[in-house]
Amino acid sequence: NFSHAGYHQTYFTYVIGLVYLLWPHPETLLILQAGFVAAAVIPLFLIARRLVGPGVAATLAVAYSLYAPAQGGIMYDFHYQPFSVFFIPLVGYLFMTRRNVALVLAVALHLSLREDMGLPLGVLAVFFALTGQRPRVALAILAVSLAHFVAFKFVIMPRHLGGEAAYTSMFSKLVAADVGGMAGVLVTIIGNPGYLLQTLLAADRLEYVLLVFAPLAFLPLRRASGWLLLIPGVMFTLFTTGVTASLMISFQYTALWTPFVFIGTAWALAAIEAPSRAVQ
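None of these values were measured; they are calculated from a predicted model.

Participant: Where do I start with the overall build of the protein in this structure?
Facilitator: Scanning the protein from N- to C-terminus turns up 15 helices and zero strands. Within the protein, the proportion of its 280 residues that are buried is 51%. Put simply, of all contacts in the protein between residues at least 6 apart along the chain, 72% involve residues at least 24 apart. Summed over its atoms, the accessible surface of the protein is roughly 13200 Å², and 68% of this surface lies on carbon and sulfur atoms.

Written out as structure tokens, the structure is:
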């Protein structure tokens, strides 16, 4: 009695469906999910190698392989967010190395994962633009990402639910009463920073932040640009008020943190190694 299109836009289903046809079992989905998360070590290493050399990059790759939030994100069921742990650094590496054809394909695959994947990709694009990395291409990716996010979240999906927005219950305490929906959440975030700060300083959120950053010695926070990369994780975990799973590293929401904190760590290490050449 409801439309899936009103709750999620998961066109990547058609990609993994090709593999699922060969072995139609639940284990196929779990193996694919775990495989993509594990494979993220490759583009993360390649990005770090360009910034800090092979030795430090290899150390960072080992740290990723041992990173509990990345592992926890694939331990509960099957979801589409964990696939972004691979595609975000892949887009970053292809962007940095000017492999434009492959970059377009990687962007398209990432956006096909879910309706909200435009936000993290847009944040990555802004990061590259502000750090002087091919700003025109970065802004083009940002435009596509924002169009994708707005079109699905605010136009297409509500039409399948009779005008209602899905999953606003996750932000129930942030929804402005006179606005409603995701727009109401944005109104509170922008217009009531005091209340928002009170929400962020809750004990369960501080514990979650420690679990995310302590294994990396808080390195992503050393650079101003590193804070920008935290927007997806903050938005979809620390801002949530109606669900406890988003604040546990044993659920898929860690995917909104993992690739960004490791990219931020690589940038921070590059700044420590060569401050005069560091990107702010």
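And the narrative resumes.
Participant: Would you mind going over helix 9 (residues 135-160) with me for this structure?
Facilitator: Since one α-helical turn is 3.6 residues long, residues separated by three or four positions face the same way. Between the first and last C-alpha of helix 9 there are 36 Å, a value that for 26 residues agrees with the 38 Å anticipated at 1.5 Å per step. Its axis deflected by about 40 degrees at phenylalanine 152, helix 9 carries its strongest bend there. What helix 9 keeps buried is the set Ala138, Ile141, Leu142, Ser145, His148, Phe149, Phe152, Lys153, Met157 and Pro158. Structurally, helix 9 contributes buried residues whose contacts are with helix 6 (84-96), helix 7 (100-111) and helix 8 (118-130). In the segment just after helix 9, glycine 162 is the residue with positive phi, at about 65 degrees.

Participant: Is there a simple way to explain a nonpolar patch on the surface in this structure?
Facilitator: Taken together, the side chains of Val150, Phe154, Val155 and Ile156 present a nonpolar region at the surface, about 280 Å² in accessible area. Within the secondary structure layout, valine 150 lies in helix 9. What makes valine 150 partly exposed here is its relative accessible area of 41%.

Participant: What is the right way to look at the packing of helix 8 against helix 9 in this model?
Facilitator: Each packed pair of helices is defined by two parameters, the angle between the axes and the distance between the axes. Running from amino to carboxyl end, helix 8 crosses helix 9 at an angle of 160 degrees, the nearest separation of the two axes being 8 Å. Looking at the two axes, helix 8 sits roughly antiparallel to helix 9. Where helix 8 crosses over helix 9, the two elements pack in a sense that is left-handed. Here Gly118, Leu119, Leu121, Gly122, Ala125, Val126, Phe128 and Ala129 of helix 8 come into contact with helix 9, specifically with Pro135, Ala138, Leu139, Ile141, Leu142, Ser145, His148 and Phe149.

Participant: What exactly am I supposed to notice about unusual backbone geometry here?
Facilitator: With the exception of glycine, the majority of residues adopt a negative phi angle, and the majority of peptide bonds are in the trans configuration. The residue alanine 217 is not glycine, and still its phi comes out positive at about 55 degrees. Looking at the secondary structure, you find alanine 217 in the loop between helix 12 (203-213) and helix 13 (224-228). By relative accessible area, which is 55% here, alanine 217 ends up exposed. The phi dihedral of phenylalanine 218 falls on the positive side, at around 60 degrees, and the residue is not glycine. With respect to the helices and strands, the residue phenylalanine 218 is situated in the loop between helix 12 and helix 13. With a relative accessible area of 33%, phenylalanine 218 lands in the partly exposed category.

Participant: Can you walk me through the environment of threonine 97 in this structure?
Facilitator: Structurally, threonine 97 is set in the loop between helix 6 and helix 7. Taking C-alpha positions, threonine 97 is 9.5 Å from arginine 50, a pair spaced 47 residues apart along the chain. At 3.5 Å, the side chain of threonine 97 forms a polar contact with the backbone oxygen of leucine 94. Of note is the side chain of threonine 97, whose polar atom sits 2.9 Å from the side chain of arginine 99.

Participant: For this particular structure, what's the right way to read the pattern of salt bridges?
Facilitator: A pair can form between side chains of opposite charge whenever their charged atoms are brought close. Counted under the stated rule, the structure contains three salt bridges. In this structure, arginine 114 and aspartate 116 form a salt bridge, with 2.7 Å as the shortest nitrogen-oxygen distance. For the residue pair arginine 114 and aspartate 116, the accessibility class agrees, reading buried in each case. Where salt bridges share partners, they join Arg114, Glu115 and Asp116 into one cluster.

Participant: Looking at this structure, I do not really get helix 4 (residues 54-65). What am I missing?
Facilitator: The first and last C-alpha atoms of helix 4 sit 16 Å apart over twelve residues, in line with the 16 Å expected at 1.5 Å per residue. Within the span of helix 4, buried status applies to Ala57, Leu60, Ala61 and Tyr64. Mapping the buried residues of helix 4 onto a view down its axis gives an arc of 105 degrees, with all of them on the same face. Where helix 4 is buried, its residues contact helix 2 (26-39), helix 3 (41-52), helix 5 (68-72), helix 6 and helix 15 (258-273).

Calculation criteria
Residues numbered from 1 in each chain as written. Predicted model: local features only at pLDDT ≥ 70, side-chain atom pairs only at ≥ 80, totals over all residues. Heavy atoms only, no water. Helix = DSSP H or I, 4+ residues; strand = E, 2+ residues; numbered from the N terminus. Buried < 20%, exposed > 50% of the residue type's maximum accessible area, 1.4 Å probe, protein only. Contact = heavy atoms within 4.5 Å. Areas by Shrake-Rupley, 256 points an atom, 1.4 Å probe, with all protein chains shown as cover. Expected span 1.5 Å × (residues − 1). Bend = angle between axes of the 7 residues up to and from the residue. Patch = residues over 30% accessible without salt bridge, like charges linked within 9 Å, V, L, I, M, F, W, Y side chains within 5 Å. Salt bridge = Lys/Arg side-chain N within 4 Å of Asp/Glu carboxyl O. Axes fitted to C-alpha atoms, helices over the stretch in contact; angles between N-to-C directions. Parallel < 35°, antiparallel > 145°, perpendicular 65-115°, else oblique. Left-handed = near helix turned anticlockwise from the far one by under 90°. Polar contact = N/O pair within 3.5 Å; in protein donor to acceptor, adjacent residues only side chain to side chain. Arc of directions from axis to C-beta.

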